[in-house]
Amino acid sequence: MIAQGILGLVRPLRSGLNASKIHFICLGGVTEQHHNPSKWWSERGFSSTHRLQDAPGESSSAGQVTVHFINRDGERLTTTAKEGESLLEVVVNQNLAIDGFGACEGTLACSTCHLIFDKDTFQKLDAISDEELDMLDLAYGLTETSRLGCQVYVKKSMDGLTVRVPMDVSDIRRQLEVGKQSKQ
Amino acid sequence: PRVCVVGSGPAGFYTAQHILKHHGGAQVDIYEKLPVPFGLVRFGVAPDHPEVKNVINTFTQTAHSGRCAYYGNVTVGRDVTVPELRQAYHAVVLSYGAEDNRVLGIPGENLSGVYSARAFVGWYNGLPENRDLKPDLSCETALILGHGNVALDVARILLSPLQLLRKTDITDSSLAALACSKVKRVWLVGRRGPLQVAFTIKELREMINLPGARAVLDPADFTGLENAVKDAPRPRKRLTELMIKTALEKPREKPVEARAAASREWGLKFQRSPQEVLPTPDGKRARGVRMALTRLEGSGDSARAIPTGEVEELECGLVLSSIGSRSLPLDPAVPFDTRRGIIPNSSGRVEGVPGLYCSGWVKRGPTGVIITTMNDSFDTAQSVLEDLQGGVLDMSPSREGFRAVESILRSRGVRPVSFSDWEKIDAAEVARGKAAGKPREKIVDPAEMLRLIGH
């Protein structure tokens with residue numbers, strides 16, 4: 001029952017989007033890929049657990065769906081996704097700057113791709129498995145409309161979907177600290 | 001700015017990753033006492049949980065960054081001191097984890113046949129310091145003290161069918177020992193009740209579904225609990241419901257072969273606190289544990305186990321204590337809270353020592369899974385970034401980073417292992433594993449690792 005994950009989340013080393021008041025100067029290069037692209041693609045595997053089937057879109061425009069991710073700092077990251085991709089794959093493929101997303105690469109062995117949906121969308125999502133619930137149970141900031149991004153697959157009906165990346169313990173702690181400082 | 005991270009497990013790598021990602025000019029050097037990196041991901045995560053180890057891919061990517069360097073085989077506190085590192089770097093982050101284990105503190109603890117779960121896990125995972133453990137698996141019954149995920153990991157490895165373990169990266173020598181193991185019954189014993197178990201549902205489910213082993217849970221332990229968790233948060237509720245369901249399930253009529261196939265068993269015992277490990281007549285080995293029966297005061301996570309005066313003896317030949325890890329002080333220059341076993345800090349900033357930080361278990365205590373450590377490391381990294389930017393740190397004197405440390409190490413006869421050296425070791429392990437159908441065959445002797453890379 002060992003699922004194969006997406007190999008290597010390639011992230012660009014560019015200045016972070018959650019910089020808020022702190023501005024960083026990026027001196028280094030942008031994307032650093034250490035496998036040559038063809039090798040990376042051929043090594044990619046997909047999660048084999050509970051894959052619900054929508055076939056990937058036929059042509060590039062036909063399968064495109066717009067998805068918005070509200071990052072932890074409130075910034076809205078808008079991107080296009082292909083039907084049939086999981087939301088984790090969207091984040092990886094589009095190199096979205098969400099820290100620490102998808103540690104186990106879609107194999108239901110962590111809860112770092114935790115996303116929060118609006119109630120209506122949540123209710124229309126495909127049923128959640130025990131395996132997903134087991135890992136979701138460990139997520140920080142669990143809500144009634146939480147799901148793991150690696151188990152939610154993009155459908156055409158999700159065009160314009162907005163999901164929220166939950167804040168983690170350290171985010172909350174910092175919010176409280178900033179709140180205290182601003183009162184002084 | 002030059003930043004130094006001590007420890008190359010998840011805490012070290014996630015802290016480094018976050019700093020590198022959010023500061024385009026930082027150089028981060030990661031030091032590790034073993035030749036090989038990744039800490040508990042390599043030595044703690046169970047061999048049959050390879051997906052959890054996928055984080056190695058993102059760590060490898062970080063190590064390949066032009067602004068990150070890895071220096072293995074360097075023991076901070078001995079080969080180079082923390083004050084020397086603080087001279088060489090603008091910021092030093094301590095992420096060296098919890099290498100020791102909590103002690104039971106009961107008579108008989110040092111008898112043959114009693115081990116810490118930590119050492120046992122290190123043994124089957126190829127941690128060099130545990131390679132000669134030679135645990136005695138010649139008895140039928142093993143007792144694991146503790147109700148956490150490590151306890152479940154140990155139980156599962158003891159009872160897993162060999163054909164499942166054979167295809168993992170468990171070490172060859174422990175596989176051979178397990179092949180001769182007589183252990184067929186494992187009890188996980190905890191001081192408190194079902195509502196206080198620290199293990200999580202995925203691992204429990206795995207144990208319940210383990211081929212060839214049946215779960216023995218006493219329904220009496222679960223009376224009234226269905227009601228007690230009615231309004232509990234979902235994680236606690238689901239976990240408890242799974243235990244209740246398993247306890248109440250009647251074994252279906254099974255044909256003889258199936259019953260024989262489930263020749264191994266495991267169970268949970270509650271409200272039992274170990275008082276003494278009892279010796280065999282010759283006084284050398286463990287033959288059982290005397291337990292104090294407890295009652296619970298309070299509820300939920302803060303419930304306390306109070307001895308009732310009654311005792312019980314559980315017979316066993318193998319005792320594994322899985323009651324938690326413990327950090328050790330690294331260097332006299334670093335404050336350490338011995339009672340709590342952590343470095344005193346605030347959001348990762350070591351109290352009273354500007355420029356010194358900590359992340360991971362040595363910062364928070366030795367609990368949590370990789371995501372917990374990840375968030376915590378990002379928190380510390382944020383503190384480092386704020387201080388680098390905010391003029392809090394003394395950036396003016398030129399800090400030479402590794403150049404300064406290199407000459408210190410050379411003068412002490414220490415030769416660091418680079419990341420590409422590790423990749424040679426990695427390739428050798430994978431090649432050796434291939435012949436046996438394993439993802440890798442871990443090299444457990446550091447001297448052999450060093451010979452392999454020509455050191």
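These numbers were taken from a predicted model, which means no experiment stands behind them.

Here we come to the overall build of chain A. When its secondary structure is counted, chain A shows five helices and five strands. Ordered by position from the N terminus, the helices and strands of chain A form the series α-β-β-α-β-α-α-β-β-α. The buried share among the 184 residues of chain A stands at 48%. Long-range pairs, those at least 24 residues apart, make up 67% of the contacts in chain A with a sequence separation of at least 6. Summed over all atoms, the accessible surface of chain A reaches about 9,400 Å², with 53% contributed by carbon and sulfur.

Quick look at the overall build of chain B now. Looking only at helices and strands, chain B features 17 helices and 18 strands. Its C-alpha atoms give chain B a radius of gyration of 24 Å, near enough to 23 Å, the size a compact globule of 455 residues would have. The principal-axis extents of the C-alpha atoms in chain B amount to approximately 75 × 50 × 45 Å. Taking the intrachain contacts of chain B between residues at least 6 apart in sequence as the baseline, contacts between residues at least 24 apart amount to 74%. Total accessible area computed for chain B in this model is approximately 19,100 Å², and 51% of it derives from carbon and sulfur atoms. When the 60 positive and 52 negative side-chain charges of chain B are each reduced to one mean point, those points stand 2 Å apart.

Our next topic: helix 9 (residues 201-208) of chain B. I201(B), E203(B), L204(B) and M207(B) are the residues of helix 9 of chain B that are buried. Looking down the long axis of helix 9 of chain B, one finds its buried residues gathered within 160° of arc, a one-sided arrangement. Of the surrounding elements, those touching the buried residues of helix 9 of chain B are helix 4 (130-136) of chain A together with helix 6 (149-159), helix 11 (234-248) and strand 10 (264-269) of chain B.

A word on the UniProt feature "domain: FAD/NAD(P)-binding" (unreviewed entry) in chain B. In the UniProt entry, the feature "domain: FAD/NAD(P)-binding" (unreviewed entry) is given for residues 2-158 of chain B. The span residues 2-158 of chain B carries 33% helix and 18% strand; its end-to-end C-alpha distance comes to 46 Å.

Residue and element names in this part refer to chain B. At a minimum axis separation of 10 Å, helix 1 (residues 10-22) and helix 3 (residues 55-63) run at an interaxial angle of 50°. As the angle between them shows, helix 1 and helix 3 are arranged oblique. The element helix 1 and its partner helix 3 pack so that their crossing is left-handed. Counting all contacts with helix 1, which are made through P10, F13, Y14, Q17 and L20, the residues of helix 3 involved are V55, T58, F59, T62 and A63. The class makeup of the residues in the contact of helix 1 with helix 3 is seven nonpolar, three polar and no charged.

Residues and elements named next belong to chain B. Core analysis: the largest hydrophobic core is formed by 47 residues, its most contacted members being Y14, I19 and V28. With eight residues, the top contributor of residues to this core is helix 14 (residues 370-389). Residues within four places of I19 in sequence aside, it is in contact with V3, A26, V28, A381, V384 and L385. Of all hydrophobic cores here, the second largest spans 45 residues; its members include L137, I144, V186 and V197.

Residue and element names in this part refer to chain B. Strand order in the open sheet formed by six strands is 6-14-7-8-10-9, and the pairing between neighbours is parallel. Edge positions in the sheet fall to strand 6 (114-116) and strand 9 (213-216), since each has one partner strand and no second. Neighbour-to-neighbour, the strand axes of the sheet open up by a mean angle of 20°, direction not taken into account. Here five bridges tie strand 7 (residues 141-145) to strand 8 (residues 185-189), and the two strands are oriented parallel to one another. Following the sheet pairing, I144 is matched in strand 8 by L188.

Turning next to the sheet that holds strand 12 (residues 286-297) of chain B. Residues and elements named next belong to chain B. With respect to topology, three strands assemble into an open sheet ordered 11-12-13, the strand pairing being antiparallel. Whereas interior strands pair on both sides, the edge strands pair on one side only; in this sheet they are strand 11 (272-279) and strand 13 (304-315). On average, adjacent strands in this sheet sit at an angle of 20° to one another, irrespective of strand direction. Where strand 12 meets strand 13, nine bridges bridge the pair, whose relative direction is antiparallel.

Let us now look at the packing of helix 9 of chain B against helix 11 of chain B. Residues and elements named next belong to chain B. The contact between helix 9 and helix 11 brings their axes to 10 Å, and the two run at 15°. Put simply, helix 9 runs roughly parallel to helix 11. Helix 9 and helix 11 meet at a crossing whose hand is left-handed. Between helix 9, through I201, L204, R205 and I208, and helix 11, the contact on the second element is made entirely by R238, L239, L242, M243 and T246. Counted by class, the contact of helix 9 with helix 11 contains six nonpolar, one polar and two charged residues.

Now for the UniProt feature "binding site: FAD" (unreviewed entry) in chain B. All names here are of chain B. Taking the numbering used here, the UniProt-annotated feature "binding site: FAD" (unreviewed entry) corresponds to A11, E32, L40, V76, W361, G368, V369 and I370. Spanning 360 residues, the named residues do not form one spatial group; their C-alpha atoms are separated by as much as 25.1 Å. Here E32 is to be found in the loop between strand 2 (27-31) and helix 2 (39-43). By relative accessible area, E32 is classed as buried at 9%.

What counts, and at which threshold
- One numbering rule holds for all chains: residues counted from 1, following each sequence as written.
- Lettering of chains starts at A and numbering of ligands starts at 1, both following the order in which they are written.
- With pLDDT at 70 or above as the cut-off, local features in this predicted model cover only qualifying residues; side-chain atom pairs require 80 or more to be listed or tallied, and sums for whole chains, interfaces and linings still use all residues.
- Values reported for side chains reflect all heavy atoms of the structure, with hydrogen atoms and water molecules removed beforehand.
- The helix count covers DSSP runs of H or I at least four residues long, the strand count covers runs of E at least two residues long, and both are numbered beginning at the N terminus.
- We call a residue buried when its accessible area falls under 20% of the maximum for its residue type, exposed when it is over 50%, and partly exposed in between, using a 1.4 Å probe and counting protein chains only.
- In this description, contact between two residues means that some pair of their heavy atoms is separated by no more than 4.5 Å.
- Residue burial considers only the protein chains on display, and all accessible areas are found by Shrake-Rupley using a 1.4 Å probe.
- C-alpha atoms define the radius of gyration, and 2.2 Å times the number of residues to the power 0.38 defines the globule rule.
- This count recognises Lys and Arg as positive and Asp and Glu as negative, with His and chain-terminal groups excluded.
- Where a charge sits is defined by one atom per residue type, namely NZ (Lys), CZ (Arg), CG (Asp) or CD (Glu).
- By construction, the arc corresponds to the directions joining the helix axis to the C-beta atoms.
- UniProt positions are given in the numbering used here, feature names are shortened, and annotations may be inferred rather than shown by experiment.
- Axis angles are defined between N-to-C directions and span 0 to 180 degrees, where every axis is a line fitted to C-alpha atoms and, for a helix, only to the segment in contact.
- Throughout this description, any angle smaller than 35 degrees is read as roughly parallel, any larger than 145 degrees as roughly antiparallel, any in the 65 to 115 degree range as roughly perpendicular, and the remainder as oblique.
- Crossings are sorted by hand: turned counterclockwise from the far helix by less than a right angle, the near helix makes the crossing left-handed, and turned clockwise it makes it right-handed.
- Residue polarity follows a fixed list, in which Ala, Val, Leu, Ile, Met, Phe, Trp, Tyr, Cys and Pro are nonpolar, Asp, Glu, Lys and Arg are charged, and the others, Gly among them, are polar.
- To form a nonpolar core, buried Ala, Val, Leu, Ile, Met, Phe, Trp, Tyr and Cys residues must be joined to one another through side-chain atoms within 4.5 Å.
- Only when DSSP finds a minimum of two bridges between them are two strands counted as paired.

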